Amino acid sequence: MPEDGSRAAAISIRADTIFAPATEAERAAIAIIRLSGPEAHGALCALAGAPLPPWRQLVRRALRGPDGELIDHAMVVVFPAGASYTGEAMGEIHCHGGNAVVSDVLACLADLPGCRLAEPGEFTQRAFFDGRLDLSEVEGLADLIAAETSGQRRQALRMLSGAVSRQCEGWRALLLQARALIELTIDWADEEVPEDVERRVKPILERLMREMSGELSRAGAAERMRTGFEVAIVGPPNVGKSSLLNAIAGREAAIVSEVAGTTRDVIEVRFDLGGLPVVFLDTAGLRVARDTVEQMGIDRARQRAAAADLRLVLRSPDTGECPDNALPRNGDISVWAKSDLGQGDGEVAVSARDNLGIEELLETVRMRLGGKISRSGVLGNARQRIALERSRRDLDFAAAALAAGEPEVAAEHLRLAEESLERLVGRIGVEDVLGEVFGSFCLGK
Ligand code: GDP
């Protein structure tokens, strides 16, 4: 539940009844218009006629304007306050998806007293303030709507289903337990301190530190799942990097040329690799540059390639050796390119010209990245990771203070560690992130 300031803001926005189309504003078979707020049921009756249908049952109704003119035949459904997505009285109109139908229904709703068009994400914001979703679940929902691959969908659904919240709740309970024990020693300061307190607190802190560190070490993979794994294609000029990227993408994404050094910048191609979002990067030929523009391209390529999750290091029969910085590193995939010109070393042999070995290469990439995913934890984004890092850091301070015989300092750091977890799930400090989190939502969500 958000802290008091947020709740006051929540109450003030709740006076309005909001409505918005929940489906894309395009010509479609059906459009769904949602309503939420105190006037939602009244507004629905104004358009679709009284009485209200039974809760949660779709019924067919004629929609009429204020002058009685038929606007459309639609299906309508109502949800009671206290048992709806937002927690408020809600309704939905499933009308025909033509632009005129939708805009006339919206115009009728806008004319009703107390009703206004919703802001993007406002339905979910109300659900959040009603305590129906916490912040990590809201983020899971935003990710689910944005998910482009099945791997992203699974991860988002885990977050929406409360995996982060449950994990934080468990840690919070342990932190409370540790703090209660330490506070005992503070309360008993002038008397004989129960000597086994430190012995009892230490294993709790150690467990928390171990679990949080484990979660943090896995957070990178989950963040990559959201943004896409970067796979850099590197090797000397003319080795066939752009051609390989084109073969992967199945389209002319990178310019292929016989003049060395034409791929100056980094070209990206997004790809759904068996559910994993992957961004293939075509890097400029890694070699000594002749001019500053080329040097800039090479520098950019080097930086991106170095930071990539995986590198495909290409060699081919007709180009020289790899420059040192393009030699395979641990975990990279060495690729023998232009295999149609001759045999050679490499984990995978490909010919972009004859379209050979591409599937095998993609499968190798998928397996290598899949290994990273199997180690992913529950945290889903940088905001959550940063909050957990803060919490984890305060545990270090608390442990040090405890060892130094400063229970007050230790208790304060445990309180701060708890606060960071509360921030993570949005129990406090939501104002700072509200715009960012809800702003990413579409209208009607
Ligand atoms: P990059 O500089 O590493 O990006 O290399 P490009 O993709 O631009 O290719 C350089 C040259 O090699 C071009 O003339 C391509 O047509 C040729 N090439 C690329 N891939 C193959 C291949 O699989 N087989 C053959 N025979 N030629 C290739």
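Values in this document were obtained by computation on a predicted structure and should not be read as measured data.

Asker: I'm lost on the overall build of the protein in this one. Help?
Answerer: In terms of helices and strands, the protein carries 14 helices and 12 strands. Residue burial in the protein is summarised as follows: out of 445 residues, 48% are buried. Here the analysis covers contacts within the protein between residues at least 6 apart in sequence; of these, 62% occur between residues at least 24 apart.

Asker: How should the sheet that holds strand β12 (residues 348-349) be read in this particular structure?
Answerer: Strand order in this open sheet of 6 strands is β8-β9-β7-β10-β11-β12, and the pairing throughout is mixed. The sheet is open, and its two edges are formed by β8 (267-273) and β12, each paired on a single side. Summarising the sheet, strand β10 (residues 310-315) and strand β11 (residues 333-336) pair through 4 bridges and their orientation is parallel. Looking at the pairing, Val313 lines up with Ser334 of β11.

Asker: Would you explain the pairing of β11 in this entry?
Answerer: Side chains on a regular strand alternate between the two faces of the sheet. With 2 bridges joining them, β11 and β12 adopt parallel strand pairing. Among the inter-strand pairings, Trp336 is bridged to a residue of β12, identified as Ala349.

Asker: Which parts of the structure should I look at to understand the site of the ligand?
Answerer: What surrounds the ligand is a group of 17 residues, the closest being Asn238, Ser242, Ser243, Asp340 and Ala352. At 2.8 Å, a backbone N or O of Lys241 approaches an oxygen atom of the ligand. For the ligand, an oxygen atom lies 2.8 Å from a polar atom in the backbone of Ala352. For the ligand, whose free accessible area comes to 580 Å², the fraction covered by protein is 84%. Split into classes, the residues belonging to the shell around the ligand amount to 6 nonpolar, 6 polar and 5 charged.

Asker: Looking at this structure, I do not really get the environment of Asp196. What am I missing?
Answerer: Inspection of the secondary structure assignment puts Asp196 in the loop between α7 (163-187) and α8 (197-227). Taking the C-alpha atoms as reference points, Asp196 and Leu181, 15 residues apart in sequence, are found 9.8 Å from one another.

Asker: What exactly am I supposed to notice about the packing of α8 against helix α12 (residues 382-403) here?
Answerer: In a packed pair of helices, the relevant descriptors are the angle between the two axes and the axis-to-axis distance. One can describe the packing of α8 onto α12 by two numbers: an axis separation of 10 Å at closest approach and a directional angle of 155°. If you check the angle between α8 and α12, you find them roughly antiparallel. Between α8 and α12 lies a crossing whose hand is left-handed. Where α8 abuts α12, its residues Glu198, Val201, Leu205, Leu208, Met209, Met212, Ser213, Glu215, Leu216, Ala219 and Glu223 lie against Ala382, Arg385, Leu388, Glu389, Ser391, Arg392, Leu395, Asp396, Ala399, Leu402 and Ala403. Class assignment of the residues belonging to the contact of α8 with α12 gives a composition of 13 nonpolar, 2 polar and 7 charged.

Asker: Help me out: how do you make sense of the sheet that holds strand β2 (residues 28-36) in this one?
Answerer: Paired through their backbone hydrogen bonds, the strands of a sheet run either parallel or antiparallel. On the basis of which strands lie adjacent, the open sheet formed by 6 strands has the order β3-β4-β5-β2-β1-β6 and mixed pairing. Unpaired on one side and paired on the other, β3 (59-64) and β6 (115-117) mark the two borders of the sheet. Here the average twist between neighbouring strands, direction ignored, is 30°. Sheet analysis places β3 next to strand β4 (residues 70-79), joined by 6 bridges and oriented antiparallel. By the bridge assignment for β4, Arg61 is matched with Ala74. Strands β1 (17-21), β2, β5 (90-97) and β6 of the sheet are contacted by helix α4 (residues 122-129), whose axis makes an angle of about 135° with β1.

Asker: What should I look at first to understand the packing of aromatic side chains in this one?
Answerer: To describe a pair of aromatic rings, you give the distance between the ring centres and the angle between the ring planes. Under the counting rule described, the total for this entry stands at 2 aromatic pairs. Pairing Phe271 with Phe280 gives two aromatic rings, centres 6.0 Å apart and planes at 80°, and the pair type is edge-to-face. With relative accessibility at 0%, the residue Phe280 sits in the buried group. Stacked on the ring of Phe123, the Lys or Arg Arg34 has its end atom at 5.3 Å from the ring centre.

Asker: Whenever I open this one, the pattern of salt bridges confuses me. Can you help?
Answerer: As a working rule, side chains carrying opposite charge can pair if their charged atoms are close by. Evaluated as defined, the whole model comprises 27 salt bridges. Note that Arg172 is salt-bridged to Glu169, the shortest N-O span being 3.6 Å. In this pair, Arg172 and Glu169 both sit in helix α7, 3 residues apart, roughly one turn of the helix. By relative accessible area, which is 13% here, Arg172 ends up buried. Residue class for Glu169 comes out partly exposed when judged on its relative accessible area of 36%. Within this structure, Asp16, Glu88, Arg116, Glu122 and Arg126 form a network of salt bridges that share partners.

Asker: What should I look at first to understand the environment of Leu47 in this one?
Answerer: Structurally, Leu47 is set in helix α2 (residues 40-48). Dropping the residues within four chain positions of it, Leu47 is found in contact with Ala62, Leu63, Arg64, Ile93, Val105, Cys108, Leu109 and Leu112.

Asker: Would you explain helix α14 (residues 431-439) in this entry?
Answerer: At 3.6 residues per turn, the α-helix brings residues three or four places apart onto the same side. Residues of α14 that are buried include every one of Val433, Leu434, Val437 and Phe438, and no others. End-on, the buried residues of α14 take up no more than an arc of 125°, which puts them together on one face. Among the exposed residues of α14, those pointing more than 90 degrees away from its buried face are Asp432, Gly435, Glu436 and Gly439.

Cut-offs used in this document
Residues numbered from 1 in each chain as written. Predicted model: local features only at pLDDT ≥ 70, side-chain atom pairs only at ≥ 80, totals over all residues. Heavy atoms only, no water. Helix = DSSP H or I, 4+ residues; strand = E, 2+ residues; numbered from the N terminus. Buried < 20%, exposed > 50% of the residue type's maximum accessible area, 1.4 Å probe, protein only. Contact = heavy atoms within 4.5 Å. Pairing = 2+ DSSP bridges. Near = heavy atom within 4 Å. Polar contact = N/O pair within 3.5 Å; in protein donor to acceptor, adjacent residues only side chain to side chain. Areas by Shrake-Rupley, 256 points an atom, 1.4 Å probe, with all protein chains shown as cover. Nonpolar A, V, L, I, M, F, W, Y, C, P; charged D, E, K, R; others polar. Axes fitted to C-alpha atoms, helices over the stretch in contact; angles between N-to-C directions. Parallel < 35°, antiparallel > 145°, perpendicular 65-115°, else oblique. Left-handed = near helix turned anticlockwise from the far one by under 90°. Phe/Tyr/Trp six-rings, centres within 6.5 Å; stacked < 30°, edge-to-face > 60°. Lys NZ or Arg CZ within 6 Å of the ring centre and 35° of its normal. Salt bridge = Lys/Arg side-chain N within 4 Å of Asp/Glu carboxyl O. Arc of directions from axis to C-beta.

Any link to function would need more than the numbers given here.
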